[in-house]
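Chain by chain, the residues:
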Amino acid sequence: MPVPLVLYDNYERSLREFAPLAPEGPVGLYTCGPTVYDYQHIGNYRTFLFEDTLKRVLRWNGYRVRHVMNVTDVGHLTSDADTGEDKMEKGARRAGRSAWEIAALYTQAFIDDLRALDILPPDVLSRATDHIPEQIAFIVDLERGGYTYRTPDGVYFDTSRQADYGYLARLDKSGLEAGKRVDIGDKKRSTDFALWKFSPPSSTRQMEWDSPWGRGFPGWHIECSAMAQQYLGDFFDIHCGGEDHIPVHHTNEIAQTEARVGTRLANFWMHGYFLIANDAKMAKSAGEFLRVQALVDRGYDPLAFRYLCLTGHYRTQLNFTWEALDAAATGLARMRAGFHALAADDGAAGDIDWVARFTAHVNDDLNTPRALAVAWDLLRGDAPDAVKRATLARFDDVLGLRLAAWRPPRQDVPAEIEALAQARRNARRAKNWSEADRLRAELRAAGWEMEDRAEGYALKRRSGVA
Ligand code: AMP
Ligand code: ZN
């Protein structure tokens, strides 16, 4: 009996067994993508890595996945309350370039980082600015349905029209209205949100379009409802993002789509919890943040960060420290070296018992810490090399650590030294200690030191020996 895939659905607030909406068709997956007014930080990549793991686990379970991700290159205001400036225009001013230029620059940087982290590219990466007519058509329908009102600065969604508005976040609406006074401009209530904002009459924006309501630009949430519907249909399997999206962005995506087509957009709503640094949220707006490049500059393999993320469950926050990254880098290096030391046999197949153990954990709401532990147990255990190698290579379809592609840093170990080391490892495994000692002495005489590791061995040239 295969282990069912169980995922935590934030809409129902419970673990649910996953079943695709269309048994034959691909699983529809929509993940909210980057806002490209700046680089993405490693916190953002924790969420993208969680989504990548989800996609890999869906594939592990035999599903085809159709993955759509948006790129927010317009319409994201500096405040969730729909006041403030458009972040793109602000970012452009800061960089001394046009909004279009910085969007292209940061989108490319994002794509480069995805590759560095071995995040599988989405099937559709769609820019908000390439979908303005679809967003306008969406708003026109909302207006026809009576879900909108106008103010001097834009067209707003009237959240009072939906009795279940805010269900995803379990919003306390009356509490919000009665609560602290926030500046809501001309909006009727704090939860109402912009669908279309008018360009200020006095100035020309770099990014603006004509619409039935006048020249302006779309609000942030409408792009996801419009593009998700365009590429995945009215109701699809899974929608993801970071935990910050629950109360505003995803709540509003659901409101718009329910108003237009009557569905709550996705069957499962899943959220990655934050990467924090020194117990504070890592955020672009907070100024200091770490890019993937900053890790590379310090000599880390970007996949050490991936390994670090795998060591924490996606539904708990993860505190980033350099010590934690060091530990992850060591774990990754050892796993790769251990894998590399395994004798290859192309004909070997993965071991079904180990695969079942691994599956039980990844199918338990993506329990990657446990799945990683299974990989270590296998590597350190006494299964034959070829079985270990074939099984771990399969696990790596989910883990994404490039175990098979990795090559040890070149130190030109001569073939006869490698052969001696393998012979010694085999002697140790057979508990033939005198032979193991003899081979170690032989290696030393040849100028090599061998370090035994649970997962294999490492070879180093002895210092002072030519
Ligand atoms: P943004 O570019 O700000 O829209 O963020 C891109 C993705 O990263 C979204 O899914 C956010 O929810 C997520 N995110 C933002 N900050 C963090 C963080 N510190 N840790 C994890 N995910 C984050
Ligand atoms: Zn979104």
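The structure displayed is predicted, hence computed values, not measured ones.

Here we look at the nonpolar core
Side chains of nonpolar character tend, in soluble globular proteins, to be buried together.
Here's step 1: The biggest cluster of nonpolar side chains holds 64 residues, and the ones touching the most others in it are Ile238, Phe305 and Phe395.
Here's step 2: In terms of residues, this core owes the most to one element, helix α1 (residues 42–60), which gives nine residues.
Here's step 3: Counting residues in each nonpolar core, the second largest holds 50 residues, with Tyr11, Met88, Ala226 and Trp269 among its members.

Overview of the packing of aromatic side chains
Given two aromatic rings, one states the distance between the centres and the angle between the planes to describe the pair.
Here's step 1: What the rule picks out here adds up to 19 aromatic pairs.
Here's step 2: Plain terms: the ring middles of Phe18 and Phe268 are 5.6 Å apart, the flat faces sit at 55° to each other, and that makes the pair tilted. Taken as a pair, Phe18 in the loop between β2 (14–17) and β3 (27–31) and Phe268 in strand β11 (residues 266–272) lie far apart in primary sequence, 250 residues in all.
Here's step 3: We classify Phe268 as buried; its relative accessible area is 1%.
Here's step 4: Ring centres of Tyr149 and Tyr156 lie 6.1 Å apart, and the angle between their planes is 20°; on these two criteria the pair is classed as stacked.

Describing the sheet that holds strand β6 (residues 148–151)
Here's step 1: Read across the sheet, four strands follow the order β6-β7-β8-β9 without closing on themselves; strand pairing throughout is antiparallel. Sheet topology places β6 and β9 (216–218) at the edges, where each strand pairs with a single neighbour. Direction aside, the axes of adjacent strands within the sheet are offset by 25° on average.
Here's step 2: One ladder, built from three bridges, connects strand β8 (residues 193–198) with β9; its direction is antiparallel.

Here we look at the site of ligand 1
Here's step 1: Taken together, 17 residues sit near ligand 1, with Thr35, Gly43, Thr47, Asp244 and Leu275 positioned nearest.
Here's step 2: In the model, an oxygen atom of ligand 1 is placed 3.0 Å from a nitrogen or oxygen of the Gln40 side chain.
Here's step 3: A distance of 3.0 Å separates an oxygen atom of ligand 1 from a polar backbone atom of Gly242.
Here's step 4: Relative to its unbound accessible area of 490 Å², ligand 1 is 93% covered by the protein chains.
Here's step 5: Elements with a minimum of two residues in the shell around ligand 1: α1 and β10 (236–242).
Here's step 6: The leading source of residues in the shell around ligand 1 is α1, at four residues.
Here's step 7: Looking at the shell around ligand 1 residue by residue, the classes come out as five nonpolar, ten polar and two charged.

Points about the coordination of the zinc ion (ligand 2)
Here's step 1: Here the zinc ion (ligand 2) is held by Cys32 (SG), Cys224 (SG), His249 (NE2) and Glu253 (OE), and the distances to it run 2.0 to 2.4 Å.
Here's step 2: Geometry at the zinc ion (ligand 2) is irregular, judged from its four donor atoms and the angles of 77 to 132° they form at the metal.
Here's step 3: All donor residues of the zinc ion (ligand 2) come from one chain, and their arrangement in sequence is C-x191-C-x24-H-x3-E. Within this pair, whereas Cys32 is found in the loop between β3 and α1, its partner His249 is found in helix α7 (residues 246–261), the two being separated by 217 residues in sequence. Like His249, Cys32 is buried.

The rules we used
All residue numbers refer to position in the chain's written sequence, counted from 1. Think of it this way: whatever chain is written first is A, whatever ligand is written first is 1, and the rest follow in order. The predicted nature of this model means local features are confined to residues of pLDDT at least 70 and side-chain atom pairs, given and counted, to a pLDDT of 80 or more, with totals for whole chains, interfaces and linings taken over all residues. In computing side-chain properties, one takes all heavy atoms of the structure into account and sets aside hydrogens as well as water. Here, nonpolar core means buried Ala, Val, Leu, Ile, Met, Phe, Trp, Tyr and Cys residues that are tied together by side-chain atoms lying within 4.5 Å of each other. Relative accessible area decides the class of each residue, using a 1.4 Å probe on protein chains only: under 20% of the type maximum gives buried, over 50% gives exposed, and in between gives partly exposed. Secondary structure follows DSSP: runs of H or I at least 4 residues long count as helices, runs of E at least 2 residues long count as strands, and numbering of each begins at the N terminus. Stacked, tilted and edge-to-face are the three classes assigned to paired rings of Phe, Tyr and Trp, where Trp is represented by its six-membered ring and a pair needs centres within 6.5 Å; plane angles under 30 degrees give stacked, over 60 edge-to-face, the rest tilted. Pairing between strands requires that DSSP locate at least two bridges from one strand to the other. Structural elements are reduced to axes, namely lines fitted to C-alpha atoms, with helices fitted over the stretch in contact, and the angle between N-to-C directions of any two is expressed from 0 to 180 degrees. Throughout, the term near means that a residue has one or more heavy atoms lying within 4 Å of the molecule or strand in question. Counted as a polar contact is a pair of N or O atoms within 3.5 Å, where, for protein atoms, one must be capable of donating a hydrogen and the other of accepting one, and residues adjacent in sequence contribute only when both atoms are in side chains. The accessible surface values rely on the Shrake-Rupley method and a 1.4 Å probe; as for residues, cover is taken only from the protein chains in view. Classification convention: Asp, Glu, Lys, Arg as charged; Ala, Val, Leu, Ile, Met, Phe, Trp, Tyr, Cys, Pro as nonpolar; all other residues, Gly among them, as polar. Counted as donors are the N, O and S atoms within 2.8 Å of the metal, or 3.2 Å for Na, K and Ca, while water is not among the atoms, so some sites may look incomplete. When four donors show all angles between 85 and 135 degrees the site is tetrahedral, when four or six donors have opposite pairs over 155 degrees and all other angles between 65 and 115 it is square planar or octahedral respectively, and in every other case it is irregular.

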